[in-house]
Amino acid sequence: MRAISQARGALNALAALLPDTAERVQGADTQSVPLSELRIGDIVLVRPGARVPADGTVVEGAADVDESMITGESNTVPKVQASKVIAGTVVSGGSLRVRIAAIGDQTVLSGIMRLVAAAQASGSRAQALADRAAAILFYVAVGLGAMTFAYWWWSGDQEHALMRTATVLVIACPHALGLAIPLVIAISTSLGAQTGSW
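Since the structure is predicted, the reported quantities are computational estimates derived from the model, not experimental observations.

Caption draft 1: Representation of the overall build of the protein in the model. If you tally the helices and strands in the protein, you get 6 helices and 9 strands. Considering the protein as a whole, with its 198 residues, one finds that 31% of them fall into the buried category. Sequence separation of 24 or more characterises 67% of the internal contacts of the protein that already satisfy a separation of 6 or more.

Caption draft 2: Spatial organisation of the packing of aromatic side chains. Evaluated as defined, the whole model comprises 3 aromatic pairs. The interplanar angle of 75 degrees and the centroid separation of 5.1 Å between the aromatic rings of Phe138 and Tyr139 together place this pair among those described as edge-to-face. On the basis of relative accessibility, which here comes to 62%, the residue Tyr139 falls in the exposed class. Look at Tyr151 and Trp152: their rings are 5.3 Å apart centre to centre, the planes differ by 85 degrees, and that puts the pair in the edge-to-face class. Among the residues examined, Tyr151 registers a relative accessible area of 54% and is labelled exposed. Taking NZ or CZ as reference, Arg164 lies 4.0 Å from the ring centre of Trp152, over its face.

Caption draft 3: Representation of a nonpolar patch on the surface within the structure. Together, Ile136, Leu137, Val140, Leu144 and Met147 make up an exposed nonpolar region whose accessible area comes to about 450 Å². Residue Leu137 is classed as partly exposed on the basis of its relative accessible area of 34%.

Caption draft 4: Geometry of the nonpolar core. Grouped together as the largest cluster of nonpolar side chains are 15 residues, with contacts concentrated most on Val44, Val46, Val85, Val91, Leu96 and Val98. Elements represented by at least two residues in this core include exactly β3 (43-46), β5 (63-66) and β9 (96-102). A total of 3 residues in this core trace back to one element, the largest contributor, which is β9. Residue contacts for Val85: discarding those within four places in its chain leaves Val52, Ala54, Asp55, Gly56, Val58, Lys79, Leu96 and Val98. Within the second largest apolar cluster, 7 residues are counted, among which are Leu17, Ile86, Leu109 and Ile112.

Caption draft 5: Quick peek at the side chain of Thr107. Structurally, the position occupied by Thr107 is in the loop between β9 and α3 (108-121). Of the polar contacts made by the side chain of Thr107, one reaches the side chain of Ser110; its length is 3.1 Å. Ignoring any residue separated from it by four or fewer positions in sequence, one finds Thr107 in contact with Asp55, Ala87 and Ala102.

Caption draft 6: Examining the environment of Leu137 more closely. Its place among the elements puts Leu137 in helix α4 (residues 125-154). Between the C-alpha atoms of Leu137 and Cys173, which are 36 residues apart in sequence, the distance is 7.5 Å.

Caption draft 7: Local environment of the sheet that holds strand β2 (residues 29-34). In spatial order, the strands read β2-β1-β3-β9-β4-β7; together these 6 strands make up an open sheet with antiparallel pairing. Strand pairing shows two members of the sheet lacking a second neighbour, β2 and β7 (84-85), which therefore form its edges. Across 6 bridges, the pairing between strand β4 (residues 55-61) and β9 is antiparallel. Opposite Asp55, over in β9, you have Ala102 as the bridge partner.

Caption draft 8: Region of interest: the environment of Gly143. By the element assignment, Gly143 lies in helix α4. The exposure class assigned to Gly143 is partly exposed, which follows from its relative accessible area of 30%. C-alpha separation for the pair Gly143 and Leu169, spaced 26 residues apart in sequence, amounts to 9.4 Å.

Conventions adopted
- Residues numbered from 1 in each chain as written.
- Predicted model: local features only at pLDDT ≥ 70, side-chain atom pairs only at ≥ 80, totals over all residues.
- Heavy atoms only, no water.
- Helix = DSSP H or I, 4+ residues; strand = E, 2+ residues; numbered from the N terminus.
- Buried < 20%, exposed > 50% of the residue type's maximum accessible area, 1.4 Å probe, protein only.
- Contact = heavy atoms within 4.5 Å.
- Phe/Tyr/Trp six-rings, centres within 6.5 Å; stacked < 30°, edge-to-face > 60°.
- Lys NZ or Arg CZ within 6 Å of the ring centre and 35° of its normal.
- Patch = residues over 30% accessible without salt bridge, like charges linked within 9 Å, V, L, I, M, F, W, Y side chains within 5 Å.
- Areas by Shrake-Rupley, 256 points an atom, 1.4 Å probe, with all protein chains shown as cover.
- Salt bridge = Lys/Arg side-chain N within 4 Å of Asp/Glu carboxyl O.
- Core = buried A, V, L, I, M, F, W, Y, C linked by side-chain atoms within 4.5 Å.
- Polar contact = N/O pair within 3.5 Å; in protein donor to acceptor, adjacent residues only side chain to side chain.
- Pairing = 2+ DSSP bridges.

Keep in mind that these numbers describe shape and distance, not what the molecule does.
Shown next, in the form of C-alpha cells:
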C-alpha cells in the first residue's frame, strides 16, 4: 500500500509542476491569469525561475531551460526564437515570450500523466496469471492446513496441532505471489514519473 501510495504521489507531483497562473502579454503590458484562461495563440512572458505554463514556441528572448523532468538530463537546454518549450519546465538565465501551441490535456505533461495513470491501472497477462495461481494456491494452503491440523490432532499432539497448522498456512500463503506484480508496476511507474526520461 505504501508503494502504491508513493506511485500516486508521483502522479500528483507531476501535476504540481504546472504553475497556478501565467503572465499573458497584452500589448505593452502583462496580466496575470489562471491557466484555464490561456488560449492557443496567446503570448505569455516566462521570467527567470518560473515554469513554462503551456507548450509553445519562443517568439522573443533567449534563456536556458531545465527540461530534466522530461529528459532526465540535468543539463539545461538553450532556447532562442523559434525553439519549442514544454509545460512545467523551468526557465533560467533569461526571460522568454512564448506563443502557446497546446493547453490543458494537449500538453506533453498531460500526456505523460495519462501514460503513468494507464500503466498503474493496466493489468498485464503476467498479473492475471499470478492472480489465478494465487487463487489456486489459496485452496491448496487451506487444504494442507486442514490436513496438518487433522493429522497432529488425531496423532495425539493436540497441543502443537494449531501451531503446526499456522506454520503451514503462513509458509504456503499465496499473498506474496498475488502482490508481487502489482507492486512492481506501482514502483516502476512511480520511479519513471519521478525521474523523467520520457
